[in-house]
Amino acid sequence: MKKKQTSLEGQVAVVSGGAHGIGLGIVERLLQLGAKVVASDIDRDGLAVSRERLAKSFGTSIAVQAADLSKERGAQALHRAVAKRFGPAQILVNCAGGGVIRPFLEHTPETLKATIDRNLWTVIWCSRVFLPDMIGAKYGRIVNIGADSVRNGLPAHAGYNAAKGGMHGLTTGLAREFALNGITVNTVAPCAVNTEVWAKVKKSNPRLAQAFVDVIPMGRVGEIEEVASMVGYLALPEAAFVTGQVISVNGGSAML
Ligand SMILES: NC(=O)c1ccc[n+]([C@@H]2O[C@H](COP(=O)([O-])OP(=O)(O)OC[C@H]3O[C@@H](n4cnc5c(N)ncnc54)[C@H](O)[C@@H]3O)[C@@H](O)[C@H]2O)c1
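All values reported here derive from a predicted model rather than from experimental measurement. (Residues numbered from 1 in each chain as written. Predicted model: local features only at pLDDT ≥ 70, side-chain atom pairs only at ≥ 80, totals over all residues. Heavy atoms only, no water.)

## Thoughts on the environment of Val14
Take Val14: it is sitting in strand 1 (residues 12-16). Residue classification places Val14 among the buried residues on the basis of a relative accessible area of 0%. C-alpha of Val14 to C-alpha of Gln65: the two residues are 51 residues apart in sequence and 9.8 Å apart in space. With residues up to four places along the chain from it excluded, the contact list for Val14 reads Val38, Leu78, Val82, Ala89, Ile91, Leu92, Val93 and Phe130. (Helix = DSSP H or I, 4+ residues; strand = E, 2+ residues; numbered from the N terminus. Buried < 20%, exposed > 50% of the residue type's maximum accessible area, 1.4 Å probe, protein only. Contact = heavy atoms within 4.5 Å.)

So, in structure tokens, the structure goes:
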């Protein structure tokens, strides 16, 4: 089938971390563009609530699959479920993650490991299980959700940056490796975004929250839709010549 340049009609997308926040916004955006979408998350109940809401507008185009994607077997189970429900995926958005934001020496071995598991291993396993179908089809779009803190050095972000920086590095490596297979690999890097997580940071640590806003020349945090819109573009056929990029959606918090 010839792909329409500015629509995702006839395509299948998978979004990790799709139960909440930015991931849920991306799921909705891809559905609006015409894709069939499988949202996956470790939070089974959150997925069920989101699926029920989205099904009202998008019917059977939305499906969900609970999985711990920091484990290879979780990613493999997701791959099987997507193939069974909709067929091979053309689009993978790696949005599962979330930071344990604290000064480096206040981390425990457990919080450091959880940070790397959530933000890096999820991307590695999901990319490994979905890439072979994309290679077979000579077409694919992988979009990762990284972090602008890797570029602007936000306070208390060292552990998180280690994970997200790994993801940024995976982006350029995979983009190079699969450039001749019709597959693009990019990362969208937000600074602070107006999510439930952000609301909690503002409440629990207003000084830290203010420090995040202070690095943003536009003087505000981003909106979920502003991130989802960039992901939507990168997922389209017309974005064919954009690969290996880390694109900040950040109100100018890092420039270039
Ligand atoms: N909110 C921000 O300000 C901000 C800024 C920069 C980057 N990000 C990144 O954007 C993404 C979405 O963040 P959010 O703010 O919407 O947070 P969020 O916590 O609402 O979303 C993260 C999702 O990932 C899921 N998840 C975590 N570990 C998982 C695992 N092992 N397997 C499957 N799912 C798992 C969570 O259940 C959650 O639904 C994250 O990767 C985050 O690091 C967020």
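## Some details on the pattern of salt bridges
Across all of its chains, the model carries 5 salt bridges by this definition. Residue Lys4 is joined to Glu9 by a salt bridge in which the shortest nitrogen-to-oxygen separation is 3.2 Å. Glu28 is the salt-bridge partner of Arg53, the closest N and O atoms lying 3.5 Å from each other. Of this pair, Arg53 sits in helix 2 (residues 44-58) while Glu28 sits in helix 1 (residues 21-32), and the two are 25 residues apart along the sequence. (Salt bridge = Lys/Arg side-chain N within 4 Å of Asp/Glu carboxyl O.)

## Focus: the sheet that holds strand 3 (residues 62-66)
Sheet architecture is open: 7 strands sit in the order 3-2-1-4-5-6-7, paired in parallel fashion. With one partner strand each, in any of the chains shown, strand 3 and strand 7 (246-249) form the two edges of the open sheet. When strand polarity is set aside, the average angle formed by the axes of neighbouring strands in this sheet is 20°. Sheet analysis places strand 5 (residues 140-145) next to strand 6 (residues 183-190), joined by 6 bridges and oriented parallel. (Pairing = 2+ DSSP bridges. Axes fitted to C-alpha atoms, helices over the stretch in contact; angles between N-to-C directions.)

## Describing the packing of aromatic side chains
For the structure on display, the rule yields 2 aromatic pairs. Here the basic side chain of Lys3 rests over the ring of Tyr139, its NZ or CZ set 4.2 Å away from the ring centre. (Phe/Tyr/Trp six-rings, centres within 6.5 Å; stacked < 30°, edge-to-face > 60°. Lys NZ or Arg CZ within 6 Å of the ring centre and 35° of its normal.)

## Section: the nonpolar core
One finds Leu8, Ile26, Val27, Leu30, Val37 and Val93 to be the most contacted residues of the largest nonpolar core, which totals 32 residues. Of all the secondary structure elements, the ones that give two or more residues to this core are strand 1, helix 1, strand 2 (36-41), helix 2, strand 3, strand 4 (91-94), strand 5 and helix 9 (224-235). Residues within four places of Leu30 in sequence aside, it is in contact with Leu8, Ala13, Val15, Ala35, Val37, Val93, Gly232 and Ala235. (Core = buried A, V, L, I, M, F, W, Y, C linked by side-chain atoms within 4.5 Å.)

## Overview of the site of the ligand
Neighbouring the ligand are 27 residues; Ile22, Asp41, Tyr160, Lys164 and Val193 lie closest to it. Asp41 is positioned such that a nitrogen or oxygen atom in its side chain is 2.6 Å from an oxygen atom of the ligand. Between the ligand and the protein, one listed contact pairs a nitrogen atom with a backbone N or O atom of Leu69 at 3.0 Å. Compared with its free state, where it exposes 820 Å², the ligand has 88% of that area covered by protein. When residues of the shell around the ligand are traced back to their parent elements, those giving at least two are helix 1, helix 4 (109-137) and helix 6 (158-177). By residue number, the principal contributor to the shell around the ligand is helix 4, which donates 3 residues. (Near = heavy atom within 4 Å. Polar contact = N/O pair within 3.5 Å; in protein donor to acceptor, adjacent residues only side chain to side chain. Areas by Shrake-Rupley, 256 points an atom, 1.4 Å probe, with all protein chains shown as cover.)

## Thoughts on the side chain of Arg141
The residue Arg141 is located in strand 5 in this model. Buried and without a salt bridge, Arg141 has Glu238 as its closest oppositely charged side chain, separated by 9.6 Å. Engagement of the side chain of Arg141 in a polar contact is seen with the backbone oxygen of Pro237, the distance being 3.0 Å. Apart from the residues lying within four places of it in its own chain, the contact partners of Arg141 are Gln90, Ile91, Leu92, Met134, Gly182, Thr184, Leu234, Ala235, Leu236, Pro237, Ala239 and Ala240. (Lys, Arg positive; Asp, Glu negative; His and termini not counted.)

## Section: the packing of helix 1 against helix 2
Helix-helix packing is described using two parameters, namely the angle between the two axes and the distance between the axes. At a minimum axis distance of 11 Å, the contact between helix 1 and helix 2 shows a crossing angle of 20°. One element, helix 1, and the other, helix 2, form an angle in the roughly parallel class. Crossing geometry of helix 1 relative to helix 2 is assigned as right-handed. Residue-level contacts link Leu24, Val27, Glu28, Leu31 and Gln32 of helix 1 to Ser50, Arg53, Leu54 and Phe58 of helix 2. Looking at side-chain class alone, the contact of helix 1 with helix 2 contains 5 nonpolar, 2 polar and 2 charged residues. (Parallel < 35°, antiparallel > 145°, perpendicular 65-115°, else oblique. Left-handed = near helix turned anticlockwise from the far one by under 90°. Nonpolar A, V, L, I, M, F, W, Y, C, P; charged D, E, K, R; others polar.)

## Quick look at the pairing of strand 1
Within strand 1, 5 of the 5 residues are buried, which leaves the element mostly enclosed by the surrounding structure. What you see with strand 1 is no split at all: Val12, Val14 and Ser16 on one side and Ala13 and Val15 on the other are buried throughout. As a crossover connection, the stretch from strand 1 through helix 1 into strand 2 is right-handed. For strand 1 and strand 4, the ladder comprises 4 bridges, and the chain directions are parallel. By the bridge assignment for strand 4, Val14 is matched with Leu92. (Right-handed = clockwise from strand over helix to strand, strands pointing away.)

That's the geometry; what it means functionally is another story.
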